[in-house]
Amino acid sequence: MEPYNAADAIQDLQYFGEYGGVNPSISDSSTYTFLSAKTMFDTFEGNTEGCYLYSRHSSPSNLYLGEALAALEGTESANVTGSGMGAITAVILQLCSSGDHLVSSRTIYGGTYAFLKNFLSRFNISVSFVDITDTRAVARAVTKKTRMIYCESVSNPLLEVADIPTLAGIANEHRIPLVVDNTFAPLSLSPARLGAHIVVHSLTKFINGSSDAVAGAVCASSEFCLALKDVNDGAGMLLGSTLDSIRAASILKNLRTLHLRIKKHSENAGYLASRFREAGLRVVYPGLDSHPGHALMQSQMNTEFGYGGILTLDAGSAEKADELMELMQRENLGYLAVSLGFYKTLFSAPGSSTSSEIPESEQREMGLGSGLIRFSIGLDHDIERTFERMFDCIQWLDITSQVPTAG
Ligand code: PLP
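Computed from a predicted model, the values in this text were never measured in an experiment. (Residues numbered from 1 in each chain as written. Predicted model: local features only at pLDDT ≥ 70, side-chain atom pairs only at ≥ 80, totals over all residues. Heavy atoms only, no water.)

Caption draft 1: Layout of the domain arrangement of the protein chain. Assigned domains of the protein chain: these are domain 1 (6-255) and domain 2 (258-396). The partner domain 2 presents 42 residues to the 39 residues of domain 1 that form the contact. Buried surface at the junction of domain 1 and domain 2, summed over both partners, amounts to about 3,200 Å²; 64% is from carbon and sulfur atoms. For the pair domain 1 and domain 2, the number of links is one salt bridge. Notably, a salt bridge pairs K117 with E362, separated by 2.9 Å at the nearest N-O pair. On the surface where domain 1 and domain 2 come into contact, there are 15 residue pairs in polar contact (both at pLDDT 80 or more). Breaking the side of domain 1 that touches domain 2 down by element, the ones donating at least two residues are α5 (110-119), α7 (164-173) and α10 (245-255). Considered class by class, the residues forming the side of domain 1 that touches domain 2 number 22 nonpolar, 13 polar and four charged. (Domains from an automatic or database assignment. Contact = heavy atoms within 4.5 Å. Buried area = accessible area lost by both parts, 1.4 Å probe. Salt bridge = Lys/Arg side-chain N within 4 Å of Asp/Glu carboxyl O. Polar contact = N/O pair within 3.5 Å; in protein donor to acceptor, adjacent residues only side chain to side chain. Helix = DSSP H or I, 4+ residues; strand = E, 2+ residues; numbered from the N terminus. Nonpolar A, V, L, I, M, F, W, Y, C, P; charged D, E, K, R; others polar.)

Spelled out as structure tokens, the structure:
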């Protein structure tokens with residue numbers, strides 16, 4: 001598969017503001033006037049391209065951001081939403097009805113897991129959770145009632161790498177879409193170019209990158225994006241997870257530096273992962289050759305953007321993990337906070353935070369230990385200095401001797 005140059009595709013977009021500004025003007029309106037009542041009716045019927053009706057349906061600012069995200073993922077179109085969950089839930093409810101079934105990776109963001117496991121059962125939609133790295137198990141789980149296969153390109157928090165071409169092949173065989181959440185690997189992986197039919201994002205993370213906004217996106221065919229916006233039965237339009245125009249405009253501005261940020265996040269995470277491994281710590285990072293998905297990631301990735309900014313470190317126990325995170329925060333090495341993609345390193349223990357929706361027994365079964373810390377590595381200028389200071393904290397708490405095996 002040819003690598004996709006998403007950074008160039010974004011760079012090649014050209015916008016002018018209303019008065020020739022270098023940024024598009026922000027559409028600060030929730031509703032739009034029509035010169036004729038007939039045009040208003042036609043717009044409701046979906047027959048007047050380019051006419052704006054009401055900003056929950058669409059707005060110029062959201063369309064600009066959508067265009068840039070379609071360029072990022074190499075899809076025909078993209079809709080932006082008020083959160084990543086707003087994108088994920090709209091896609092699932094657009095594709096699945098009562099009596100349907102879907103196959104999902106078992107290692108996914110806790111909120112998505114909770115929606116699939118606890119919420120969809122209210123609508124009589126069933127879910128089979130599978131080990132996504134076992135593509136034969138995925139194929140076996142598909143039934144006549146299956147409406148989609150769902151996974152994360154690089155999973156939260158275990159960093160499992162999905163074999164997108166093989167999963168897309170299974171989906172194609174059954175004429176169902178493969179839906180991939182690419183929140184952990186924007187630019188590094190281009191799932192749609194590898195065969196995925198729908199790509200979703202939490203823009204809240206790397207894409208916006210400044211931890212000041214909550215937003216999401218669905219990147220897909222124009223047909224699917226328009227269907228989501230249909231005034232009569234579009235899940236995007238009717239569930240109402242709309243992004244505000246002012247936020248859309250600010251996210252678009254941040255998106256322009258994504259290529260620089262992702263390279264630096266990857267470089268810093270790669271450096272720390274290697275040093276942690278050399279020190280005998282239990283670190284997981286797709287860029288390490290000890291990672292079971294390393295070769296697969298290499299075969300799918302857009303190499304120049306690296307293996308991403310997320311790594312995990314096992315502190316051995318929940319108590320040690322808490323002590324380490326509190327100490328690192330006191331030492332100003334990052335923040336004890338959920339989320340990802342900030343300029344500063346963020347760390348949290350997924351077992352008691354972002355994956356707490358997953359019952360403990362299932363967490364253990366999938367390999368999510370209570371001492372696991374997820375790090376979203378920041379844009380630190382001097383990462384060697386960061387390593388020395390982090391390692392001082394690790395040694396101070398005697399974590400090295402707790403988990404002596406490298407892996
Ligand atoms: N997908 C992944 C992989 C996530 O990590 C998250 C949030 O942590 C989401 C989706 C949900 O995104 P949001 O918080 O923007 O709704």
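The rest of the description comes next.
Caption draft 2: Local environment of the site of the ligand. In the vicinity of the ligand there are 14 residues, among which M85, D181, S202, T204 and K205 approach most closely. Note that an oxygen atom of the ligand is positioned 2.8 Å from one of the side-chain N or O atoms of S202. Note that an oxygen atom of the ligand is positioned 2.6 Å from one of the side-chain N or O atoms of T204. Ranked by residue count, the leading element in the shell around the ligand is helix α4 (residues 84-95), at three residues. Residues that form the shell around the ligand fall into these classes: five nonpolar, six polar and three charged. (Near = heavy atom within 4 Å.)

Caption draft 3: Geometry of the pattern of salt bridges. By the definition in use, this model includes 11 salt bridges. Between K264 and E267 there is a salt bridge; the shortest N-O distance is 3.4 Å. A residue pair is termed a helical-turn pair when its members lie 3 or 4 positions apart in one helix, as K264 and E267 do in helix α11 (residues 258-278) at three residues. Of the charged contacts, one joins E278 and R275 as a salt bridge, the two residues approaching to 3.5 Å between their closest N and O atoms. Remark: R275 and E278 occur in helix α11; sequence separation between them is three residues, near one turn of the helix.

Caption draft 4: Region of the structure containing the sheet that holds strand β4 (residues 146-152). Strand order in this open sheet of seven strands is β1-β7-β6-β5-β4-β2-β3, and the pairing throughout is mixed. Every interior strand has two partners, whereas the edge strands, β1 (77-81) and β3 (126-130), have only one. The average undirected angle you get between the axes of adjacent strands in this sheet is 20 degrees. Pairing of strand β2 (residues 101-105) with β3 involves five bridges; the strand directions are parallel. By the bridge assignment for β3, L102 is matched with V127. Strands β1, β6 (198-202) and β7 (216-220) of the sheet are contacted by helix α3 (residues 60-73), whose axis makes an angle of about 125 degrees with β1. Most of the contacts of α5 go to β3, to which it runs at about 135 degrees, and overall it touches β2, β3 and β4. (Pairing = 2+ DSSP bridges. Axes fitted to C-alpha atoms, helices over the stretch in contact; angles between N-to-C directions.)

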